[in-house]
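A structural walkthrough
These are the residues of each chain, in order.
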Amino acid sequence: MSKKFSIAKSDEIYARAQKVVPAGSQTFSKGVTQFVEGVAPKYLHRGKGANVWDVDGNQFLDYVMACHPIILGYADDDVNRAVVEQLELGSTFSLMNELEVEVTEKIIETVPCAEAVRFGKNGADATSVGVRIARAVTGREHIAYCGYHGWHDWYIANTDLNSGVPEFNKQLAHSFNYNDLDSLESIFKAHPGEVAIVIMEPLTVLEPKDNFLAEVKKMAHHYGALLMFDEIITGFRFAIGGAQELTGVTPDLTSLAKAVSNGIPLSAICGKKDYLFALEQTFFSFTYGGDCIGLAAANACIPKIQREDVPGHLWKVGEKLKDGFNTLAEEIGVADFFQCVGYPCRTVITFDGQDRYNDLEMKSYIQQELLYDGILWAAYHALSWAHKDEDIERTLKAYERALTGFKKIVDKGLDLRSQIDGIPVRPVFRKVADFNSYTRKGKKV
Ligand SMILES: Cc1ncc(COP(=O)(O)O)c(C=O)c1O
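Note that the structure is a prediction, hence the values are computed from the model and not measured.

Broken down by element type, the protein carries 14 helices and 16 strands. When each of the 445 residues of the protein is scored for burial, the buried share is 56%. With the model as given, the accessible surface of the protein reaches about 19100 Å², and the carbon-plus-sulfur share is 51%. Between the centroid of the 48 positive side chains of the protein and the centroid of its 59 negative side chains there is a distance of 4 Å.

This is how it looks when you write it as structure tokens:
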């Protein structure tokens, strides 16, 4: 049975933040706009395995998992031990540290395209330097991109949150659509001899059609551009070697972050030696580039992902969750409204209001009902090794209750907004060609 809970301490902290923290949160998708305000907790205090506890002491089974990096579970014992041991030795030094080479060698053993590696801290460090490498190698400036790649100027230029971004970036960065080779070719044709790189998320919820990834690679090379897979979500999750291992399409460059170090900051750019060594002619250097904490975490995390076959586990529990959700939606009679889509290791719930309901209110209602059952959720399942069969079973029970509640709203003709006990989730900032937004019946979700 669902229960309401107190978020008094969360609210107290947020009242302080509103006065001094612009936009309220350090990470857009962790802020109050993405969770039903007035119902959801705002601040988490700790996590262990697949569970988190908020500052008011409420416990939740988490499907957000800090926006994907937590692939083993929060506070994983092996990663924590490695980090603590490294802290005792020192976190960052005046000269290089052997870990830089050790983790490089592990990534080379794991990721098909990796012949050389350099490290950053945020995913955006890796995608930015990948673009710089391609520009250095080709002597060209334009970028063709598909998916989300970070906060830097060239990406944000074409979104509606681009205040402060110099206009010229818009002229250099061009988005294309997934499974739409023509949209990519039109970029090459509009900018002959000027496109340095095709950068894309290789797999999201859409399956590549007609050999799409191999065709993109062929086209990029035909027009003299490099191909970079942004595997910041897919790396170590879809397969140990990422989407490139799963699909057999090896790009020239790859960005990695998130799962590589189970939530301790680390990112990496890797790829063909000939291209990576362009970094000897350009500047990619910062104080924390060789910081040993993220490296120690990755040094423990990568072998554990291999040892435990974590991707195999994610596919197995993910399939149970996906099939279970879709069966429930059918049985309850709401399959036209909700669907669980995507690869089992990372699925997403879609919302189709059938011209009767607002998608964000649908998402808010489900989120609220899951929260009342002790589940933290933002419409996707960032599964981890710590999500076990019993967690999936508990989640399906919570989905059953939430979907049944929604069916009652439909059957009784109730106003959906009135069933939401706080402020509904607000839109994610609009990105151009956001193929993470799954389209059903021509509607963007
Ligand atoms: C595919 C992809 N690329 C790049 C990024 C940017 O990574 P970060 O937020 O660590 O800079 C993200 C972050 O969510 C991502 O999902």
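After that view, the rundown keeps rolling.
This paragraph deals with the site of the ligand. Around the ligand, the neighbouring residues are Asn122, Gly123, Ala124, Tyr148, His149, Gly150, Glu201, Asp230, Ile232, Ile233 and Lys258. Backbone polar atom of Ala124 to an oxygen atom of the ligand: 2.9 Å apart, as the coordinates give it. In the environment of the ligand, a nitrogen atom lies 2.6 Å from a nitrogen or oxygen atom belonging to the side chain of Asp230. Relative to its free-state accessible area of 390 Å², the ligand is covered by the protein chains to the extent of 80%. Looking at the shell around the ligand, its residues break down into four nonpolar, four polar and three charged.

Domain boundaries in the protein define domain 1 (8–62 + 310–444) and domain 2 (77–307). For domain 1 and domain 2, the distance between their C-alpha centroids amounts to 28 Å. With 22 residues of domain 1 in contact, the opposing surface of domain 2 contributes 31 residues. A buried area of about 2300 Å², summed over both sides, lies between domain 1 and domain 2, and 66% of it is on carbon and sulfur atoms. At the surface where domain 1 touches domain 2, the tally comes to one salt bridge. Residue Lys48 is joined to Asp77 by a salt bridge in which the shortest nitrogen-to-oxygen separation is 2.8 Å.

Moving on, we come to unusual backbone geometry. Residues other than glycine seldom take positive phi values, yet Ala23 does so here, at roughly 65 degrees. Looking at where Ala23 falls in the secondary structure, it is placed in the loop between helix 1 (8–20) and strand 1 (44–48). Although it is not a glycine, Met65 adopts a positive phi angle of roughly 50 degrees. Following the sequence through the fold, Met65 ends up in the loop between strand 3 (59–62) and helix 2 (77–89). Judged by relative accessible area, which is 0%, Met65 ranks as buried.

Moving on, we come to the nonpolar core. Ranked by internal contacts, the top residues of the largest apolar core, which has 117 residues, are Ile107, Met200, Phe338, Tyr399 and Phe406. A total of 10 residues in this core trace back to one element, the largest contributor, which is helix 11 (residues 292–307). Looking at this core, you find at least three residues from each of domain 1 (8–62 + 310–444) and domain 2 (77–307). If near-sequence neighbours (up to four positions away) are discounted, Ile107 is found in contact with Ala114, Val117, Phe119, Leu256, Val260, Ala268, Cys270 and Ile302.

Okay, the pattern of salt bridges next. Across all of its chains, the model carries 17 salt bridges by this definition. In this structure, Asp373 engages Arg401 in a salt bridge whose closest nitrogen and oxygen atoms are separated by 2.9 Å. In this pair, Asp373 sits in the loop between helix 13 (359–372) and strand 13 (375–376) while Arg401 sits in helix 14 (residues 389–412), placing the two residues 28 residues apart along the sequence. On the accessibility criterion, Asp373 (18% relative accessible area) is buried. Given the relative accessible area of 25%, Arg401 is considered partly exposed. Through salt bridges with shared partners, a single ionic network connects Asp76, Asp78, Arg81, Lys304 and Arg307.

About the cut-offs
- Each residue is numbered by its place in its chain's sequence as written, counting from 1.
- In keeping with the model being predicted, local features are shown solely for residues with a pLDDT of at least 70 and side-chain atom pairs are shown and tallied solely at 80 or more, while totals for entire chains, interfaces and linings include all residues.
- The side-chain numbers reported here are obtained from all heavy atoms of the structure, hydrogens and water having been left aside.
- Strands are runs of DSSP state E lasting at least two residues, helices are runs of H or I lasting at least four, and both sets are numbered from the N terminus onward.
- The buried label applies to any residue whose accessible area, calculated with a 1.4 Å probe on protein chains only, is under 20% of its type's maximum; exposed applies above 50%, and partly exposed to all values in between.
- Under the convention used here, a 1.4 Å probe and the Shrake-Rupley method define accessible areas, while residue burial counts only the protein chains that appear.
- This count recognises Lys and Arg as positive and Asp and Glu as negative, with His and chain-terminal groups excluded.
- A charge is said to be at NZ when it belongs to Lys, at CZ for Arg, at CG for Asp and at CD for Glu.
- Proximity is defined per residue: any heavy atom of the residue falling within 4 Å of a molecule or strand makes that residue near it.
- We define a polar contact as two N or O atoms separated by no more than 3.5 Å, with the added condition that, inside protein, one atom must be a possible hydrogen donor and the other a possible acceptor, whereas residues neighbouring each other in sequence contribute only through side-chain atom pairs.
- Here the term charged refers only to Asp, Glu, Lys and Arg, the term nonpolar to Ala, Val, Leu, Ile, Met, Phe, Trp, Tyr, Cys and Pro, and the term polar to all other amino acids, Gly among them.
- As used throughout, domain bounds are those supplied by an automatic or database domain assignment.
- By definition, residues are in contact when any of their heavy atoms lie within 4.5 Å.
- By buried area we mean the combined loss of accessible area, with a 1.4 Å probe, across both parts when two parts are placed together.
- Salt bridges are identified by distance alone: a Lys or Arg side-chain nitrogen within 4 Å of an Asp or Glu carboxyl oxygen.
- As used in this record, nonpolar core signifies buried Ala, Val, Leu, Ile, Met, Phe, Trp, Tyr and Cys residues forming a set joined through side-chain atoms within 4.5 Å.

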